[in-house]
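This is what each chain is made of:
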Amino acid sequence: MTVTPAQKTAIDEVIGALTSATSRRAKRRLADMFLELVDKGSWPEYYEVISHPRCINGVKANLAQNKYKDPLDAYEDLNLVFLNALYYNEPGSQISKDAATLKSILENEWKQRSALPAPPVSAPLSSAQKVHAKKEQQERVAASPAPSKSQPASQTQKSSSIASASSPMNVDPTPQGSSQPIEATGAKSPERPSTPDVDVDIGGTPEPEVTARDSARDGESDEIVRQLEKSLPRWEGFADVGWAEGLDVDRMVDIVVTLSKYRDESGNRLAVSLEAIPEETNIPDLSFNFPLSLRLVESRTRMHYYETSKAFDKEMSQLFLKARRWYELGSEPYGNVLVLQRLYHALTSPNPPHPPYTSATKFAALPAGPGTAKPLHASEGDTGVTTFRVSLKDRQIVEEVQYKGWTVRVADWLHLSNPDDPSRPIIGQVFKCYISQEGQRKGQPGVSVCWYYRPEQTFHPASRKFWEKEVFKTSHFADHPVEDIIEKVACQFTARHLRGRPRPPFWYPGWPLYVCDSRYNDRDRVFVKIKNWNSCIPEEVRKKEEFMPIFPFERPVVPRSHPSPFLSSHKIKAPGGIIDAPEKPEGEKAENATATRKRPQRKAAAKAEAERVGSSKTAPAGNPPPPPSSNAPYGYPAQGYTPYAQHIPPHEDRSIYAAAGGASALNNATVEELPPETARYFDRDPETNEVLWFAAPPVDIVHTRPPQYSLKYLAFLARKRKKAQEDGEGEAGGEDEHPAPKRRMPLTVTEQLEAVMKEHGLDEVPVS
C-alpha cells in the first residue's frame, strides 16, 4: 500500500493545521517547540529515555521524499512527536500542555479527512510509554523467584498465586549463606552481595509526582514503612578491607589516650560523649551486639588484647558507629563523636599529626563546608574550596577506594567531615575515585563528590516546607581524602522515595537515608525542581538499570513535612537563613535547546543593601550601627545577613521595576528577566549589563545645529576684522585709491520679490 497523491495532500493539510495552531491570545505558535529534534549535545539524557525521537519537520521531509509506504506510518511519527514530549516532561508543564493540545488537534484533523484511514486507538509500540512499560514488566518477571523443581505443580501454582497477592514484606528476606562473612582477597574488593528475590522496582527514568507536599502522614503509612524495613536484609558489618597497618601496642595505647584527653578550643573534653554511652549494645539494626565502650577498648589495648592493627582499628570503628547511632544527628554530642572520629582517622593515617592536636577545621581536610565554601573561580582574597566540575588533573582514576571497612564506588553517597559544623556532616555523592599524584598526597586515595545541602544550609522564605530529611543537589564539587569519610548513606529521588526503600547493597536499615526533590542555586538562592534524576547522577550509572532499585511499598507513602528549621523553638547555628523575598515557583527549564530557566533579579537585594549602607552613613556619631552578629563558634553570618549582597553607594534606582511604582504598586506581580535569546537583540548598559529600556518612544523634534567653528577660531576672525577696520581708517585716502569692494550679501526672497514688482510697476498698484 502506497501513499496516494490525495492522501499526501491530506497529510500536508494536517501538518499545516498543527504548525498554524496558536495559543488562545494568538501570541505564539504551539508547534514551534516540536519542529526540530532536541539538541543531542545539550540534552544527552533525552536520547537515553526516548528511543524513537521524532519532529514535525522530519515528518514533512520524509513525506516530501516519499519515504512513507502507508499513511498510518506518517500518523505514527506525528503521534510520537507528542507522546515523547508527554513522557519526558513533567505533567502540568507548558510543553506538556502544548503536546496534549497538538495531539488532540492531530486526531481531530486526521479523522476529518476521508482520504486518510482511521487512526489507531492505542499508542504505537515504539513509544516511550510502551517501551519502558514492557521493560519494567520483564524486569519484574526476572526478579520473581523461580519455583522449586521438586515442588508439585498444584502446590507451585497455589504458592505463586499467593505470592502475587501478598506484599514483599511477607517474603523471607534472609538468603542462603547470608550468615557467613564475606572474605576479601587481594586489593580488589568482593562483588556487591546479591539480595533476596522479591518484587523489585527498577528506576532510571523521569517519574511524575505522586502526591503534594502538604499531604498528611498517617499511622498506617508508618506501619507500612516499619514492616517493609523490618523484612529487609541487615547489614553484615564492616568488610575486611582498608584497615590500618603497622600499629604496635604502644601506638594503640597512645591513640586511645589521645582521644580520651583531647579538648577543643573551648577547653571541653569531647570524650565525655563517648563515655556516656552504655557499654551494653542493644541498638536496633546494628551489625553487632557485644559490649563495647571507650574504657573497654583502652583496657584491652593495655592488656595487649589486640593481636593485629586490623582488630584494633575495626573495634574503634565499631565504637564510633555505635556512638553515631546512639546520638541524634545535629546534636552537640553527635558532633563531638564525629570530631573524635576524624581525629582518629588522622592519627591512623600515613602522615599523622603531631601534638599539640589543634585544628581550626575540626581536623577536616577542607577549610570550609556547605553554605560557607566559595568556588575556586569566584573567591576574592580567600582560597576557593569547590569547583563546578570534576577535575582530572594530577590523579589516577580508579574504580573504587577502600577505607575502614568501606568500599566506595562511583555513585555512592557518603557522610563527610564538615569543618564548619561537625554535627551536620557533608552529604555528597561520589563522581570519581582517584589516587592522588600531587605533592605530599601522592599515592593516597580520595573521592570527588557533589555536595548536597541541608535545609538549614539554604536561604529560603519562612513559608517553605521541607520533607523529612530532605536535601538539595548543588553544583559544588569538592575533593576529599578518604580520611574525611565518616560512613556510607543513601539518597533517593522523591518519586522513588514515596514508593519504596533502596535495595541492598545501596542501603540497609539503620543507615541514614535522605530524599532529594530539587536543586539549590546558592548564588541566586532559588530552588529548581528536578524532573529527570538521570541528569543528577554520574554518567557511569545513568544507563545501568540496576542502579538503586527499590523494594516497593503496598502503596505510596508520603514523608512528613516540616517548616523551616529556623522557625523551631531551638535556635540553630547554620549558614542558611530566612529571606523576605517571596519564593519563586519551582520549575525546570524547558526541554529544548533555546529555552532557559528564568532567574530572579538581584537589583532588589542590591537596593536594600544600598539603603542599609546609606542609613548607616547618616546615623548619629554617638550611636554607631551594630556589626552583623555571628553564630559562634562556627562564625556563620546571622540569619538576616546577606553575604553575597554588593556593597554599593546609594544611587537612583532607574529600573523598570522602580519606575512602575515598586512592590506596593505592582500588587505582588511576578518580576521575571527577559530570556537571553530575546535580550541579545537589545542594547545593554555597559556598567550593569542590563537591557536598556525607555518609558516612551523617542520624540521627533528639530535639534539645534551644532556650531561649525570653535570659539577660538571665531575670536580670531573677529580680531582680524577689527584690525582691518582700524588699518583702513588710519590710512590717507586718494582719488586714485579705491577701497576694496565690499562683499554683497545675497538678497532674501522677500527682497527679490519686491525688486521684481518694482521693475514691472506693480509696487504702486493699490490693494483693494
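Just above sits the structure.
Owing to the predicted nature of the structure, the values given are computational and were not obtained by experimental measurement.

Participant: Give me the overall build of the chain: which residues, what numbers.
Facilitator: Counting secondary structure elements, the chain contains 20 helices and 18 strands. Within the chain, contacts between residues at least 6 apart in sequence are counted, and of these 73% link residues at least 24 apart. Working note: accessible area of the chain is about 44,300 Å², and carbon and sulfur atoms make up 53% of it.

Participant: Which residues make up the side chain of T281, and what values do they have?
Facilitator: For T281, the location among the structural elements is in the loop between α10 (271-275) and α11 (294-302). Of note is the side chain of T281, whose polar atom sits 3.0 Å from the side chain of K322. Apart from residues no more than four positions distant in its own chain, T281 is found in contact with L286, F288, N289, F290, P291, L292 and K322.

Participant: Mind laying out the environment of E400, listing which residues take part and the relevant values?
Facilitator: On the secondary structure map, E400 appears in strand β2 (residues 400-403). On the accessibility criterion, E400 (13% relative accessible area) is buried. Along the primary structure E400 and V447 are separated by 47 residues, whereas in three dimensions their C-alpha atoms are 9.1 Å apart. Here Q402 takes part through its side chain, which lies 3.4 Å from a polar atom of the side chain of E400. At 3.1 Å, the side chain of E400 forms a polar contact with the side chain of R409.

Participant: Hey, could you go over the pattern of salt bridges for me, with residue numbers and the actual values?
Facilitator: Oppositely charged side chains are able to pair whenever their charged atoms sit close together. Under the criterion given, the structure shown has 31 salt bridges. The partner of R226 in a salt bridge is E223, with the nearest N and O atoms 2.6 Å apart. Separated by 3 residues within a single helix, R226 and E223 lie in helix α8 (residues 219-231), roughly one turn from each other. On the basis of relative accessible area, E223 is assigned to the partly exposed category, the value being 31%. Between E315 and R300 there is a salt bridge, with its nearest N and O atoms 2.5 Å apart. Of this pair, E315 sits in helix α12 (residues 309-326) while R300 sits in helix α11, and the two are 15 residues apart along the sequence. The burial state of E315 is the same as that of R300; both residues are buried. Each member of the salt-bridge network shares a partner with another, and the members are E13, E109 and R113.

Participant: Describe the nonpolar core, listing the residues and the values that go with them.
Facilitator: Counting residues in hydrophobic clusters, the biggest one holds 100 residues, and the most contacted among them are L259, L274, F312, W413, W451, Y452 and W533. If you tally residues by element for this core, the top one is helix α13 (residues 332-347), at 8 residues. When near neighbours in sequence (up to four residues on either side) are disregarded, W533 contacts W413, Y452, C491, F493 and C516. If you look at the next biggest cluster of nonpolar residues, it comprises 26 residues, including I15, I56, Y75 and L102.

Participant: Outline a nonpolar patch on the surface, supporting the account with residue identities and numerical values.
Facilitator: On the surface, a nonpolar cluster with roughly 550 Å² of combined accessible area is contributed by Y709, L711, Y713, L714 and F716. Structurally, L711 can be placed in helix α19 (residues 711-730). Note on L711: relative accessible area 73%, which makes it exposed.

Participant: With reference to specific residues and values, describe the pairing of strand β5 (residues 426-436).
Facilitator: The side chains of a regular strand alternate between the sheet's two faces. Here β5 lies mainly inside the structure; 10 of its 11 residues are buried. As judged from the 4 bridges shared by strand β1 (residues 395-398) and β5, these two strands associate in the antiparallel manner. Bridging across to β5, V398 finds its partner in C433. Relative to β5, strand β4 (residues 413-416) runs antiparallel, the two being bridged by 4 bridges. For H415, the partnering residue across the bridge sits in β5 and is I427. Here β5 runs beside strand β6 (residues 445-453); their pairing, made up of 8 bridges, is antiparallel. Directly across from I435, in β6, lies its bridge partner P445.

Participant: If you had to explain unusual backbone geometry to someone new, which residues and values would you point to?
Facilitator: Omega for the bond connecting P355 with P356 falls within 30 degrees of zero, at 0°, which places this linkage in the cis form. With respect to the helices and strands, P356 occurs in the loop between α13 and β1. Here P504 and P505 are connected by a cis peptide whose omega angle stands at 10°. Inspection of the secondary structure assignment puts P505 in the loop between β11 (500-502) and β12 (513-521). Of note in this structure, K469 is not a glycine but carries a positive phi near 60°.

Participant: Kindly report on the packing of helix α9 (residues 249-261) against α13, identifying the contributing residues and their values.
Facilitator: Following both chains from N to C, one finds α9 and α13 inclined at 155°, their axes separated by 10 Å at the closest point. In terms of axis orientation, α9 runs roughly antiparallel to α13. For the pair α9 and α13, the crossing hand works out as right-handed. On α13, the residues touching R251, I255, T258 and L259 of α9 are L340, L343, Y344 and L347. Here the residues of the contact of α9 with α13 are counted per class, giving 6 nonpolar, 1 polar and 1 charged.

Participant: Could you give an account of the packing of aromatic side chains, with specific residues and numbers?
Facilitator: By the definition in use, this model includes 28 aromatic pairs. Arranged with centres 5.4 Å apart and planes meeting at 80°, the rings of Y46 and Y47 form a pair that is edge-to-face. Residue classification places Y47 among the partly exposed positions, given a relative accessible area of 22%. Between F466 and F472 the ring centres are 5.8 Å apart and the planes differ by 75°, which places this aromatic pair in the edge-to-face class. Neither F466 nor F472 differs from the other in exposure class; each is buried. An aromatic cluster is defined as three or more aromatic residues linked by ring pairs; in this entry it consists of W235, F238, W243, W406, Y508 and W511. Sitting over the ring of Y305, R300 keeps its end group 4.8 Å from the ring centre. Positioned over the ring face of F459 is R525, at 3.9 Å from the centre of the ring.

Participant: Which residues make up the side chain of S317, and what are the values?
Facilitator: Mapping S317 onto the fold places it in helix α12. For S317, a relative accessible area of 9% corresponds to the buried category. Excluding residues that lie within four positions of it along the chain, S317 makes contacts with F238, W243 and K404.

Participant: Give me the lowdown on the environment of I579, citing residues and values where you can.
Facilitator: Here I579 lies in the loop between β16 (577-578) and α15 (603-617). Once the C-alpha coordinates of I579 and R525 are considered, the two residues, 54 residues apart in sequence, prove to be 9.3 Å apart. In contact with I579, other than residues within four places in its own chain, are F459, H460, P461, A462 and R525.

Participant: Describe the environment of V526, listing the residues and the values that go with them.
Facilitator: With respect to the element layout, V526 can be found in strand β13 (residues 526-529). Put simply, V526 and F459 are 67 residues apart on the chain and 8.2 Å apart in space, counted from C-alpha to C-alpha.

Participant: Requested: an account of helix α5 (residues 94-111), with residues and values cited.
Facilitator: With 18 residues, α5 extends 26 Å from end C-alpha to end C-alpha; this agrees with the ideal 26 Å at 1.5 Å per step. Taken as a whole, α5 has its buried residues at I95, S96, D98, A99, L102, K103, L106, E109 and W110. Projection of α5 onto a plane perpendicular to its axis shows the buried side chains occupying an angular sector of 155°, all on one side. Where the residues of α5 are buried, they touch α1 (5-20) and α4 (71-88).

Conventions adopted
Residues numbered from 1 in each chain as written. Predicted model: local features only at pLDDT ≥ 70, side-chain atom pairs only at ≥ 80, totals over all residues. Heavy atoms only, no water. Helix = DSSP H or I, 4+ residues; strand = E, 2+ residues; numbered from the N terminus. Contact = heavy atoms within 4.5 Å. Areas by Shrake-Rupley, 256 points an atom, 1.4 Å probe, with all protein chains shown as cover. Polar contact = N/O pair within 3.5 Å; in protein donor to acceptor, adjacent residues only side chain to side chain. Buried < 20%, exposed > 50% of the residue type's maximum accessible area, 1.4 Å probe, protein only. Salt bridge = Lys/Arg side-chain N within 4 Å of Asp/Glu carboxyl O. Core = buried A, V, L, I, M, F, W, Y, C linked by side-chain atoms within 4.5 Å. Patch = residues over 30% accessible without salt bridge, like charges linked within 9 Å, V, L, I, M, F, W, Y side chains within 5 Å. Pairing = 2+ DSSP bridges. Axes fitted to C-alpha atoms, helices over the stretch in contact; angles between N-to-C directions. Parallel < 35°, antiparallel > 145°, perpendicular 65-115°, else oblique. Left-handed = near helix turned anticlockwise from the far one by under 90°. Nonpolar A, V, L, I, M, F, W, Y, C, P; charged D, E, K, R; others polar. Phe/Tyr/Trp six-rings, centres within 6.5 Å; stacked < 30°, edge-to-face > 60°. Lys NZ or Arg CZ within 6 Å of the ring centre and 35° of its normal. Expected span 1.5 Å × (residues − 1). Arc of directions from axis to C-beta.

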